[in-house]
Amino acid sequence: MTGQTQTAGTVAGAVAPAAEARDISKRYGATVALHSAGITIARGETHALVGRNGAGKSTLVSILTGLQRPDSGHVQFDGTPAPALADRDAWRQRVACVYQKSTIIPTLTVAENLFLNRQAGRGLIDWRGLRRRAADLLDGYGVAVDPAALAGSLTVEQRQLVEIARALSFGATFIILDEPTAQLDGAAIERLFDRMRELQAAGVTFLFISHHLQEVYEVCQNVTVLRDARHILTQPVDTLSREALVAAMTGDAGETLAGVDRPAVPDSAPVVLDVAGLGLSGFYEDIDLKVRAGELVGLIGSGSSGKVALAETIAGLRRADTGTVSLAGNTPKPGSVPAALAAGLGYLPQDRHREGLVPLLSVAENATLPITDRLGPAGIVAPARQRAVAQRMIEMYDIKTDGPHQPVNGLSGGNAQKVVLARALSNDPKALVMVSPTAGVDVRSKDSLLRAVTEAAARGTGVLIVSDELDDLRSCDRVLVMFHGRVVREVSRGWADAELVTAVEGVEEP
Amino acid sequence: MTGTQTIAKPPAPAPGRPGLGGRVPLARLRDLALVPAILLLVVVGAIIDPVFLSAANITNVLQQQTELALLVLAEAIILIAGKFDLSLESTIGLAPALALALVIPAASNGLGTELPAALAIPICLLAGMAIGAFNGLLILRFKLSAFIVTLGMLIVLRGLQIGITGGQNLFDIPPSVLYLGNAVWLGVPASIWISGTLFVVGIAALGFFRHGRAVYAIGGNTDAARAAGIRTDRVVWIILMVGGLLAALAGLLMTGRLGSVAAAQGDGMIFTVFAAAVIGGISLDGGKGTLFGALCGVVVLGLINNILTLAGVSAQWIQAIYGAIILIALILARLTSGKAQD
């Protein structure tokens, strides 16, 4: 690969790069978003753009897609200067971006989304012809989606494919993928990568943004690192070690997320979470699992494995058809969140924005929501006590904030997640269930989040981590693998990545 | 499904591709959801009183609904674009009142300007558009909440009408203003022709033209619409102006039909407008529903009203029963569509 990429690189050197941004500076008020940063993406490569939250990635993307005007600097496509900002059509022919936030209109059909605002010229829309054109377009890229389906009924994966197909249909051959894997499960990520490789072979250039560094190594040839609004390095990925990449992102030689060495949990430790014979039709069946006090247990599986539904059942968001969930010897009323919480459960939901936080309330209010009864007599919340408790949490979990009074919607993803974790742990739960705790969280925050979880376990909380992310599971005492609604495998600490991944994908014969 | 999916869905089989347009008939069926209800009401009406099916009664029912229909047409387009306009019910009174006050002599409660009577209709329609444009200015330029802006405008416009007319009903209306509400073209009242035509134009525009589809795109996801090159603010502004224009036209029809402009003309209509739109399948969240559905909603409410009258329900009770039936219709619409009404 090295030799080939290098040669390709030099050949491409003669050709103008697909996209080039030079000496870009951009400030928003007092904040410097980019300081003479730049990126050069050669034609036909898949280029990674990495950096911690707030490093300037989003600003660079919005400048590359013509949504923002840089204060200074130049953008070029294929050697020619970028079009005027108002000329949206010209931009769309050069570059397309599949954002994390969907730009699909859920209430319209797939066909109409593909040809939005160009369904027809001035005349009548020929709906039948539009669907046929959409079907041809989707077929052309091998996307198996019904053009007459409502876009809102698509899965995240299908939605991304439709967005990619739409981008290509404008004639753009340079596509920016902004964290495309954040909401996909392992199998879907592999399918996305296969498709990216196919398109790359057909001449499409990609800029790939991800928090998952192993994906960068898997699919990209070159990587550009931004840190604190500056360009740090651009290098072929195979000459850059993982440690060096993390160091470039964090600015110091951060340790990799290896499992923390912890003493084994004795068999005598009490069972704090006991799931027996649990089944929910359509999701999972016959699940038995036990988590002891102080134990870290991982649960991994693909998106269709039923692992999230299982976590939601334990938290009381769903009601199982069969079986029981016991928390520290009690059996809370099934399907009731307050009962589960009262029985000593802490729960970290999958989507922190929707279920985790009240965005306009302050860090202090969010973090102390479940323990307001302890902050004063007779339901009164004493502000001073609330602030003091929140301040303690901010220090304990290393939350980067202006102070307890800051609204949580002003926090970065990692820090917002720390607030959710602080809250889940605020009433010293006996068992903690976390779903995808590090999704959309940068490397450094990931580390401190996982450290906080390990510390909670050391204090005697039994933890169940439900995640696709291998790094989340490294410090677990054991990891259970779910496949099509059943636990198919259990591995103890020291597992090899390949072993776990094959079990998750169900490639292995049982 | 757009990244906010939090409850895992059951593992669905990989979606195949049913033949082209496989789901279109289903979507069309949802459009026609109210047609059985309309047929049922017609049968019930015929059983209650044979007069119901007479041409005179049907014409009467339809004509009484034309003003409501125009307001629903305006409101439905605005709702599909994801906005609100509560002030339509005041526009329907103020626009004709203002036009007439400028035309009729001071002795008939006019303002004394006594402009030529031929200007009455243009002034009325322009006043409606100007109100829509002003709403647009506050909502789009000053980024105020559409709900509160138009609620404020509802009160201000009603107050203006009372101020201009001194709280009096306006009589002594020039024949040109009376014409549209009274004329009969080809045996059918002109107002029915006008409303019907405008609905056909609206259905065609929103269903088959790029600029009409932009209204759905804006209501469904404004950012995505903007990213697709739709000038979202301009489209919404135009829609608000068209809404005011339609309300002013409805005001003309009502003035002609009743032969006067009451100080309270249109007062309280907005509830019925929203009820008809929602029963007709228009989502208050924007992006969903069709104008045909909204028209069906108007017809359903009109038939219910007529049947209650024919059945001899006492006038003191008719309002409570009418309101209750609207609530039941909403519940039924919710059950048949199977989705939460948002």
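Residues numbered from 1 in each chain as written. Chains lettered and ligands numbered in written order. Predicted model: local features only at pLDDT ≥ 70, side-chain atom pairs only at ≥ 80, totals over all residues.

**Looking at the overall build of chain A**
Here is step 1: Per the secondary structure count, chain A includes 18 helices and 19 strands.
Here is step 2: Over its C-alpha trace chain A gives a radius of gyration of 24 Å, about what one expects of a compact globule, namely 24 Å for 510 residues.
Here is step 3: With respect to the principal axes defined by its C-alpha atoms, chain A has extents near 70 × 50 × 50 Å.
Here is step 4: Long-range contacts, defined as pairs at least 24 residues apart, comprise 66% of the intrachain contacts of chain A with a sequence gap of at least 6. (Helix = DSSP H or I, 4+ residues; strand = E, 2+ residues; numbered from the N terminus. Rg over C-alpha atoms; globule rule 2.2 N^0.38 Å. Contact = placed C-beta atoms within 7 Å.)

**Considering the sheet that holds strand β19 (residues 486–492) of chain A**
All names here are of chain A.
Here is step 1: Read from one edge of the open sheet, 6 strands run β15-β16-β17-β13-β18-β19, paired in mixed fashion. Looking along the sheet, the strands with just one partner apiece sit at the ends: β15 (345–348) and β19. Sheet twist, expressed as the mean angle between neighbouring strand axes with direction ignored, is 20°.
Here is step 2: Examined bridge by bridge, strand β13 (residues 296–301) and strand β17 (residues 462–466) share 4 bridges and lie parallel to one another. What sits directly across from Gly298, in β17, is Ile465.
Here is step 3: Contacting β13, β16 (431–435), β17 and β18 (478–483), helix α10 (residues 307–314) runs over the sheet at an angle of about 145° to β16.
Here is step 4: Each of β13, β16 and β17 is contacted by helix α16 (residues 443–458), which is oriented at about 150° to β17, the strand it contacts most. (Pairing = 2+ DSSP bridges. Axes fitted to C-alpha atoms, helices over the stretch in contact; angles between N-to-C directions.)

**Considering the nonpolar core**
Here is step 1: One finds Ile175(A), Leu71(B), Val72(B), Leu73(B), Leu100(B) and Ala217(B) to be the most contacted residues of the largest nonpolar core, which totals 171 residues.
Here is step 2: When we break this core down by domain, the ones giving at least three residues each are domain 1 (2–102 + 172–250) and domain 2 (105–153) of chain A.
Here is step 3: In contact with Ile175(A), other than residues within four places in its own chain, are Ala96(A), Val98(A), Ile164(A), Ala167(A), Val204(A) and Phe206(A).
Here is step 4: Ile300(A), Val433(A), Leu464(A) and Cys476(A) belong to the second largest nonpolar core, which has 75 residues in total. (Core = buried A, V, L, I, M, F, W, Y, C linked by C-beta atoms within 7 Å. Buried ≥ 20, exposed ≤ 12 C-beta atoms within 10 Å, placed from the backbone. Domains from an automatic or database assignment.)

**What about the sheet that holds strand β5 (residues 80–81) of chain A?**
Here is step 1: Strands sit in the order β2-β1-β4-β5 (chain A) across an open sheet of 4 strands; the sheet is antiparallel. A strand with exactly one partner marks an edge of an open sheet, and here the two such strands are β2 (31–41) and β5 of chain A.

**Regarding the environment of Leu291(B)**
Residue and element names in this part refer to chain B.
Here is step 1: In this fold, Leu291 is placed in helix α13 (residues 291–310).
Here is step 2: On the basis of neighbour counts, which here come to 27 C-beta atoms within 10 Å, the residue Leu291 falls in the buried class.
Here is step 3: Spatially, the C-alpha atom of Leu291 lies 12 Å from that of Tyr216, the residues being 75 residues apart in sequence.
Here is step 4: Setting aside residues up to four positions removed in sequence, Leu291 forms contacts with Leu73, Ala76, Phe199, Gly202, Ile203 and Leu206.

**Concerning the packing of helix α3 (residues 55–80) of chain B against helix α12 (residues 269–279) of chain B**
Residue and element names in this part refer to chain B.
Here is step 1: The geometry of α3 relative to α12 is characterised by a closest axis approach of 9 Å and an angle of 65° between their N-to-C directions. Between α3 and α12 lies a crossing whose hand is right-handed. On α12, the residues that touch Leu68, Leu71, Val72, Glu75, Ala76 and Leu79 of α3 are Met269, Thr272, Val273, Phe274, Ala276 and Ala277.
Here is step 2: For the contact of α3 with α12, the class distribution of residues is 10 nonpolar, 1 polar and 1 charged. (Left-handed = near helix turned anticlockwise from the far one by under 90°. Nonpolar A, V, L, I, M, F, W, Y, C, P; charged D, E, K, R; others polar.)

**What about the domain arrangement of chain A?**
Here is step 1: Each assigned domain of chain A is listed with its residue range as follows: domain 1 (2–102 + 172–250), domain 2 (105–153) and domain 3 (271–505).
Here is step 2: One C-alpha centre belongs to domain 1 of chain A, the other to domain 2 of chain A; they are set 29 Å apart.

**Quick notes on helix α5 (residues 120–141) of chain B**
Here is step 1: With 22 residues, α5(B) should reach 32 Å at 1.5 Å per residue; the first-to-last C-alpha distance of 30 Å fits that figure.
Here is step 2: Lys143(B) occupies a position one or two residues after α5(B) and carries a positive phi of about 55°. (Expected span 1.5 Å × (residues − 1).)

**So, the confidence of the model for chain A**
Residue and element names in this part refer to chain A.
Here is step 1: Here chain A averages 82 in pLDDT, and 92% of its residues register 70 or above.
Here is step 2: Of all secondary-structure elements in chain A, the lowest mean pLDDT belongs to helix α1 (residues 2–14), at 43, while strand β8 (residues 205–209) reaches the highest, 92.
Here is step 3: In the predicted structure, residues 1–13 sits below a pLDDT of 50 and forms 8 contacts with residues beyond four places in sequence or in another chain.
Here is step 4: Within the model, the stretch residues 253–258 combines pLDDT values under 50 with 14 contacts to residues more than four positions away or in other chains. (pLDDT = per-residue confidence, 0-100.)

**Details of the environment of Asp477(A)**
Residues and elements named next belong to chain A.
Here is step 1: Here Asp477 lies in the loop between α17 (470–473) and β18.
Here is step 2: Spatially, the C-alpha atom of Asp477 lies 11 Å from that of Glu490, the residues being 13 residues apart in sequence.
Here is step 3: Once residues within four sequence positions are removed from consideration, Asp477 is found in contact with Ala264, Val265, Glu295, Leu296, Val297, Ser492 and Arg493.

**Remarks on the packing of α12(B) against α13(B)**
Residues and elements named next belong to chain B.
Here is step 1: Two elements in contact, α12 and α13, have axes whose closest approach is 7 Å; the angle formed by their N-to-C orientations is 120°. Taken together, the axes of α12 and α13 lie oblique to each other. Where α12 crosses over α13, the handedness of that crossing is right-handed. For the pair formed by α12 and α13, the contact residues are Thr272, Ala275, Ala276, Ala277 and Ile279 on the first element and Ala294, Gly297, Val298, Val300 and Leu301 on the second.
Here is step 2: Its residues assigned to classes, the contact of α12 with α13 comprises 8 nonpolar, 2 polar and no charged. (Parallel < 35°, antiparallel > 145°, perpendicular 65-115°, else oblique.)

**Structural notes on unusual backbone geometry**
All names here are of chain A.
Here is step 1: Phi at Asp23 takes a positive value of approximately 50°, unusual for a residue other than glycine.
Here is step 2: Examined against the element boundaries, Asp23 turns out to sit in strand β1 (residues 19–28).
Here is step 3: Residue classification places Asp23 among the partly exposed residues on the basis of 14 C-beta atoms within 10 Å.
Here is step 4: Positive phi is not limited to glycine here, since Ser436 has a value of about 40°.
Here is step 5: Counting through the fold element by element, Ser436 comes out in the loop between β16 and α16.
Here is step 6: Judged by the 24 C-beta atoms lying within 10 Å of it, Ser436 falls in the buried class.

**Considering the pairing of β18(A)**
Residues and elements named next belong to chain A.
Here is step 1: Most of β18 is tucked away: 5 of the 6 residues are buried.
Here is step 2: In this sheet, β18 lies alongside β13 in parallel orientation, the contact comprising 5 bridges. In the strand pairing of β18, Leu299 is matched with Leu480.
Here is step 3: Bridge count between β18 and β19: 6 bridges; the pairing is antiparallel. Considered in β19, the bridge of Val479 is made with Val491.

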